[in-house]
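# Observations on the model geometry
Each chain, written out:
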Amino acid sequence: MTDPGTSTVTTHPARRVLITGAAGFIGSHLAQALVATGAIVIGVDRRDPRTDPIAARNLAELRPHPTFIPITADLRTCAVEPLLLDAEVVYHLAGIPGVRPSWGHEFVDYVSDNLLATQRLMDAAARLGVPRLVVASSSSVYGATDGRPSRESDHPRPMSPYAVTKLAQEQLCLAHASRPDCPTSVVALRYFTVYGPHQRADMFIHRVLTAALAGTPVRLYGDGHQRRDFTYVDDVVAATIAAGHAPAETGVVNVGAGTGHTLHDVITTAEHLTGHRVRTEQVASSDGDVPTTLADTTKAAEILNWQPRTDLTIGMTKQFRRITTKAAQLGPS
Ligand code: NAD
Ligand code: UGA
């Protein structure tokens, strides 16, 4: 893989699109890429940038943009149809992410945000004749593998409540689309551990980089030899935009870098980047945390004409630079 600066979007953008989860990590990057191509972007999220600091940060560069229309609303309860008027593509990224917390008391939220809200959205999209819905699914639907790259045709074996809701979510959308009279075709993208600037604070790469800078230890769930197919956010955005125009029968597509790295690889890279040692604190591995994720990207290459372009060192460098730029702007505390 090479570093082209940013991933290129080769498909022609839709004129008016809806992004759900637009104030989130991936959704805000997607919104930025789409407004840059001239699209009118309706960005819905229940996090209000006027009161929520993460949403404010993620949307800071977007809010002044004339073709970005932010809407604060909860998809479980809001009127969905007005959001969808004249939308050519819905990019459905809203949901509760995160494998580990889904074992706890929050499961009801996973079900309502990842499934019930999706049902409302998909139902309304079909009623209004929206041509395409792209839904953000997850590599976690594959469960524990034998280490070989996962293909879309592999039997899914989700190993956490979160992963079960993501599998159900993608299949729910595809079930709607399979009805003979449904005007909305669905592409479900199985994202593999996404990283980059503004990555969620619960995720490993963010934690390692910030721990290195702060001189605090990072928790390792297990021995750190688990492998993830860490995928840079600009690459994920390029695949997501391409999915808006892929053939109607596309179905499920993996979006992963196609390369595995252990958590120790991430730590070593963070040490090179920051010039600081990363101290670790090993704790028990977490239920549902699979040993390996790795994408077979053949289908993405063929159908979406997409290739991952950013390797881990380059991607982590960009994420690190954003963290340090922000810290420099804030000044000494
Ligand atoms: P994120 O938490 O940063 O963004 C999700 C956004 O959805 C949040 O801003 C949240 O407020 C919003 N949201 C949740 N429920 C909502 C509701 N009912 N109504 C309105 N807004 C709602 O997460 P992310 O990392 O950007 O992930 C985006 C999507 O991609 C999720 O669906 C996640 O499951 C999926 N995914 C993420 C990764 C990853 O590595 N980050 C990997 C695989 C799949
Ligand atoms: C990520 C996202 O958080 C999920 O929303 C998404 O669905 C999933 O990718 C996916 O690929 O589908 P995960 O792979 O667990 O999930 O990503 P991280 O939270 O960055 O964790 C990566 C690894 O680091 C895991 O093995 C985790 O146990 C470990 N980890 C994480 C730690 O050891 N310490 C931490 O503080 C955080």
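It should be emphasised that the depicted structure is a prediction, and the values quoted were computed from it without experimental measurement. (Residues numbered from 1 in each chain as written. Chains lettered and ligands numbered in written order. Predicted model: local features only at pLDDT ≥ 70, side-chain atom pairs only at ≥ 80, totals over all residues. Heavy atoms only, no water.)

Applying the stated rule across the entire model yields 15 salt bridges. Its salt-bridge partner being Glu 281, residue Arg 219 comes within 3.8 Å of it at the nearest N-O pair. Pair noted here: Arg 219 is in strand 8 (residues 218-221) and Glu 281 is in strand 13 (residues 280-283), with a separation of 62 residues, a long-range link. Look at Arg 219 and you get partly exposed, because its relative accessible area is 48%. When salt bridges with common partners are traced through the structure, they connect Arg 46, Asp 74, Arg 76 and Asp 113 into a single cluster. (Salt bridge = Lys/Arg side-chain N within 4 Å of Asp/Glu carboxyl O. Helix = DSSP H or I, 4+ residues; strand = E, 2+ residues; numbered from the N terminus. Buried < 20%, exposed > 50% of the residue type's maximum accessible area, 1.4 Å probe, protein only.)

Turning to the site of ligand 2, a few remarks are in order. Taken together, 22 residues lie around ligand 2, and Ser 138, Ser 139, Tyr 162, Arg 219 and Asp 289 are the ones closest in. One nitrogen or oxygen atom from the side chain of Arg 200 is found 2.8 Å from an oxygen atom belonging to ligand 2. In the model, an oxygen atom of ligand 2 is placed 2.8 Å from a nitrogen or oxygen of the Arg 207 side chain. Taken by itself ligand 2 offers 690 Å² of open surface, and the protein chains cover 96% of this. Only helix 6 (204-214) and strand 8 provide two or more residues apiece to the shell around ligand 2. The element contributing the most residues to the shell around ligand 2 is strand 8, with three residues. (Near = heavy atom within 4 Å. Polar contact = N/O pair within 3.5 Å; in protein donor to acceptor, adjacent residues only side chain to side chain. Areas by Shrake-Rupley, 256 points an atom, 1.4 Å probe, with all protein chains shown as cover.)

A few words now on the packing of aromatic side chains. If you walk through the whole model with that rule in mind, you get three aromatic pairs. Ring geometry for Tyr 195 and Tyr 232: centres 5.5 Å apart, planes at 70 degrees, overall edge-to-face. In this pair, Tyr 195 sits in strand 7 (residues 194-195) while Tyr 232 sits in strand 10 (residues 231-232), placing the two residues 37 residues apart along the sequence. Residue class for Tyr 232 comes out buried when judged on its relative accessible area of 3%. (Phe/Tyr/Trp six-rings, centres within 6.5 Å; stacked < 30°, edge-to-face > 60°.)

Residues annotated by UniProt as "domain: NAD-dependent epimerase/dehydratase" (unreviewed entry) correspond here to residues 17-256. Within the segment residues 17-256, helix and strand shares are 35% and 20% respectively, and the terminal C-alpha atoms sit 24 Å apart. (UniProt positions renumbered as here; feature names shortened; annotations may be inferred.)

Strand order in the open sheet made by the seven strands is 3-2-1-4-5-6-11, with parallel pairing throughout. In the strand order of this sheet, the two ends are held by strand 3 (68-72) and strand 11 (251-255), each with one partner. The average angle at which neighbouring strand axes cross in this sheet is 20 degrees, direction not considered. In this sheet, strand 11 lies alongside strand 6 (residues 185-191) in parallel orientation, the contact comprising five bridges. Residue Ala 188 lies in a different strand from strand 11, and its bridge partner there is Val 252. The strands touched by helix 5 (residues 161-178) are strand 4 (89-92), strand 5 (132-138), strand 6 and strand 11; relative to strand 5, the strand with the most contacts, the crossing angle is about 160 degrees. Of the strands in this sheet, strand 4, strand 5, strand 6 and strand 11 touch helix 7 (residues 233-243), which is tilted by about 165 degrees from strand 6. (Pairing = 2+ DSSP bridges. Axes fitted to C-alpha atoms, helices over the stretch in contact; angles between N-to-C directions. Contact = heavy atoms within 4.5 Å.)

A separate point is the side chain of Thr 165. Relative to the helices and strands, Thr 165 is located in helix 5. A polar side-chain atom of Thr 165 sits 2.7 Å from the main-chain carbonyl oxygen of Tyr 162. The residues touching Thr 165, leaving out its near neighbours within four places in the chain, are Phe 107, Tyr 110, Val 111, Asn 114 and Leu 115.

By the element assignment, Gly 21 lies in the loop between strand 1 (16-20) and helix 1 (25-36). Through-space distance from the C-alpha of Gly 21 to that of Val 130 is 18 Å; in sequence the pair is 109 residues apart. Dropping the residues within four chain positions of it, Gly 21 is found in contact with Gly 27, Ser 28, Val 44, Asp 45, Leu 93 and Ala 94.

A word on the site of ligand 1. Taken together, 27 residues form the shell around ligand 1, and within it Phe 25, Asp 45, Asp 113, Tyr 162 and Val 194 come nearest. Contacts to ligand 1 include Asp 74, whose side-chain N or O atom sits 2.9 Å from a nitrogen atom. Between a nitrogen atom of ligand 1 and a side-chain N or O atom of Asp 113, the distance comes to 2.8 Å. Compared with its free state, where it exposes 830 Å², ligand 1 has 95% of that area covered by protein. Those elements giving two or more residues to the shell around ligand 1 turn out to be helix 1, strand 5 and helix 5. At three residues, the largest contribution of residues to the shell around ligand 1 is made by strand 5. Residues belonging to the shell around ligand 1 are distributed by class as follows: 13 nonpolar, six polar and eight charged. (Nonpolar A, V, L, I, M, F, W, Y, C, P; charged D, E, K, R; others polar.)

So, on to the packing of helix 1 against helix 7. It is at 9 Å that the axes of helix 1 and helix 7 come closest, and there the two elements cross at 65 degrees. For the element pair helix 1 and helix 7, the recorded crossing hand is right-handed. Taking contact as the criterion, the partners of Phe 25, Ile 26, His 29, Leu 30, Ala 33 and Leu 34 in helix 1 are, on helix 7, Val 233, Asp 234, Val 236, Val 237, Thr 240 and Ile 241. A breakdown of the residues in the contact of helix 1 with helix 7 according to their chemical character gives nine nonpolar, two polar and one charged. (Left-handed = near helix turned anticlockwise from the far one by under 90°.)

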